[in-house]
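Chain residues, written in single-letter form:
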Amino acid sequence: MSNDLKTDRSYTMADKDSIVIEDDITDAMAAPSPAKSIGDPGITPLSPTHILKDSEENEPAGHSFIVVVAIDFGTTSSGYAYAFTKEPECIHTMRRWEGGDPGVSNQKTPTTILLTPDKKFHSFGYAARDFYHDLDPTESKQWLYLEKFKMKLHTTANLSIDTDLHAANGKRVKALDIFAYALAFFKEQALKELSDQAGAEFDNADVRWVITVPAIWKMPAKQFMREAAYKAGLASRENPEQLIIALEPEAASIYCRKLRLHQMIDLGSKTSINGYSPTENVGAGMTQGDRYVVVDCGGGTVDLTVHQIRMPEGHLKELYKASGGPYGSIGIDYEFEKLLCKIFGQDFIDQFKIKRPAAWVDLMIAFESRKRAAAPDRTNPLNINLPFSFIDYYKKFRGHSVEHALRKSNVDFVKWSSQGMLRMNPDAMNALFKPTIDHIIQHLTDLFDKPEVTDIKFLFLVGGFAESPLLQKAVQDMLQGRSRVIIPHDVGLTILKGAVLFGLDPGVIKVRRSPLTYGVGVLNRFVEGKHPPEKMLVKDGTRWCTDVFDTFIATDQSVALGETVKRSYTPAKPSQQVIVIHVYCSEKESVTFISDPGVRKCGTLRLDVSGTESPAARREIQTLMQFGDTEIRAMAVDVATSRSVKASIDFLSQ
């Protein structure tokens, strides 16, 4: 399990916070020593931390791509956009899709996927939905229809390559296959559109792909997206830089900074901003040190990030680690479902979803368009069409009519209209929004109370859910004029366009906050009264404290993208043939031992040093960790012989 690195220096780390160590003794006792159980010969640090800036590590000149294609793989809707590297100012959003919904702009397509009964890809988006809908009910039970499946990556605690998803008919499919099918669909659509434009077959090798993910996703979910993209053939393990995993609010942030004044709405004045020349940037330009919050409200999650502009280059710096949660607009759909259960009974709704899955999808589409019509000042009711098969199936199931159920249910503000519709009073609709909006407002309130979050000049509200007047009003009321609330005109496409800009110039994001603490297991000189006795290990007459966590980078620490942290170690036994270094991570900021609760192993470096001699008295083994977009690479080098070994940190292995 552990590799114990032995050290003369690393007890200084323990000194820094000896109180924590005392507290952790009980934890340490509870957990058996991983290192002792294996009896790995250890290695020992020689040097303090050394941070290399990217310039020291000469990156090989990367492949020059002709075009950048960004995919916004959303919980409720998805799409792509692209720009040619020769004309970076000109961002193209994908062609219009067939079969859009009334009242919903169809630059994006619903994130829905249909597989044939033998689990082969059939269609995606509107096409999948329409085909599924037109199937005979007996047939549709055999087909596999999936929607809103992206949330599974956020909510699964121990995500792995083998995680399953459930289709509408209850059958299980591998999540990795579904995500790969979806990405392959976008790859094919984009390459087809590019080929049509170029008048010749467009080669995937000329495309740099960018896929956006929520910033609050944990590392396994981010890695999962990359694995799915490899499976779909967007890039490969041998050529990982062809694919960038971008964080949704960062992409939004990049786009918002470039906004011209006529391209956005200032909620304070409720009109496109006037009084400035329309070619100026936001609020007559964002200047050095300006801080702003991006609130990215999507279908599944809400992401909050705080950025600051660093001049003269206008680089972005993340001031506070991303926060948020699963408070996207599908929360309103769940509330609607709960309302239906209250009126018609949970037993009926559960049955109906399985027995008439296509009609259930229809009902939710009808709800979606009414959901978009909700507004704070609305007085007239919202009518939701109940599919005929709902009315029919309910009568069979219960032996009385839908109308009877509504009368009996005494749910306030929801009535039956003679045209066969559910008639919702605006108060009833607003009540469905309330829990989700309350979550978002609570989160924003907490964020604005943080000491790091002061003098916020702008709050950018982006993502599909940002179009909701109810959400806009709630944010406006909460801020009470503390910052200007800005909404880009094409708010649903903000992330997509920003992701293209990011792909054209990945250097624009300079500093992120590390979401985890990373380190390696080391051996320390044993100090009586300071180290727990059960951690003592005697080797060749020297007493060591085992399982010590040697921190490379701590959670919420600033990390420049591409930054490398370097340490030097030496084998505890000079005769060691193989040196094993285990990399660990934890969400806690200060970690004392690798056996502490919440610490998990996320990588291993095995360096074979057999058959070589080191001229130095102590063989130096350099360990480097490089923090990339969402990938972290580790490397160990035997300085005497230049032998090296690399590993990518794996967050998906259980």
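Residues numbered from 1 in each chain as written. Predicted model: local features only at pLDDT ≥ 70, side-chain atom pairs only at ≥ 80, totals over all residues. Heavy atoms only, no water.

Per an unreviewed UniProt entry, the protein chain goes by Heat shock 70 kDa protein 12A and derives from Astyanax mexicanus. Per UniProt, the protein chain has the following entry under Subunit (unreviewed entry): "Interacts with SORL1 (via cytosolic C-terminus); this interaction affects SORL1 internalization and subcellular localization." Recorded in UniProt for the protein chain, the comment headed Function (unreviewed entry) runs: "Adapter protein for SORL1, but not SORT1. Delays SORL1 internalization and affects SORL1 subcellular localization." (UniProt positions renumbered as here; feature names shortened; annotations may be inferred.)

J.: Summarise the overall build of the protein chain; cite the residues concerned and give the values.
T.: When its secondary structure is counted, the protein chain shows 17 helices and 35 strands. Counting all 654 residues of the protein chain, 56% fall into the buried class. In the protein chain, of all internal contacts separated by at least 6 residues, the share reaching a separation of at least 24 is 71%. Total accessible area computed for the protein chain in this model is approximately 27400 Å², and 51% of it derives from carbon and sulfur atoms. (Helix = DSSP H or I, 4+ residues; strand = E, 2+ residues; numbered from the N terminus. Buried < 20%, exposed > 50% of the residue type's maximum accessible area, 1.4 Å probe, protein only. Contact = heavy atoms within 4.5 Å. Areas by Shrake-Rupley, 256 points an atom, 1.4 Å probe, with all protein chains shown as cover.)

J.: Now, about the side chain of Asp 550: what can you tell me, with residues and values included?
T.: Inspection of the secondary structure puts Asp 550 in strand E28 (residues 542-553). At 3.1 Å, the side chain of Asp 550 forms a polar contact with the side chain of Arg 567. Looking at Asp 550, its side chain comes within polar contact range of the side chain of Tyr 569, at 3.2 Å. (Polar contact = N/O pair within 3.5 Å; in protein donor to acceptor, adjacent residues only side chain to side chain.)

J.: Hey, could you go over the packing of aromatic side chains for me, with residue numbers and the actual values?
T.: On inspection of all chains with the given rule, the structure shows 29 aromatic pairs. Ring centres of Phe 124 and Phe 185 lie 4.9 Å apart, and the angle between their planes is 25°; this geometry places the pair in the stacked category. Of this pair, Phe 124 sits in strand E9 (residues 121-124) while Phe 185 is found in helix H7 (residues 175-198), placing the two residues 61 residues apart along the sequence. Given the relative accessible area of 11%, Phe 185 is considered buried. A network of ring pairs unites the aromatic residues Phe 344, Phe 348, Phe 352, Phe 390, Tyr 393, Tyr 394 and Phe 397 as a single cluster. (Phe/Tyr/Trp six-rings, centres within 6.5 Å; stacked < 30°, edge-to-face > 60°.)

J.: Requested: an account of the packing of helix H15 (residues 426-448) against helix H16 (residues 469-479), with residues and values cited.
T.: Viewed as axis vectors pointing N to C, H15 and H16 meet at an angle of 35°, and their least axial separation amounts to 10 Å. Of the two elements, H15 crosses H16, and the hand of that crossing is right-handed. Residue-level inspection shows Asn 430, Phe 433, Ile 437, Ile 440, Ile 441, Leu 444, Thr 445 and Phe 448 of H15 in contact with H16, the latter providing Leu 470, Leu 471, Ala 474, Val 475, Met 478 and Leu 479. Among the residues forming the contact of H15 with H16, the class breakdown is twelve nonpolar, two polar and no charged. (Axes fitted to C-alpha atoms, helices over the stretch in contact; angles between N-to-C directions. Left-handed = near helix turned anticlockwise from the far one by under 90°. Nonpolar A, V, L, I, M, F, W, Y, C, P; charged D, E, K, R; others polar.)

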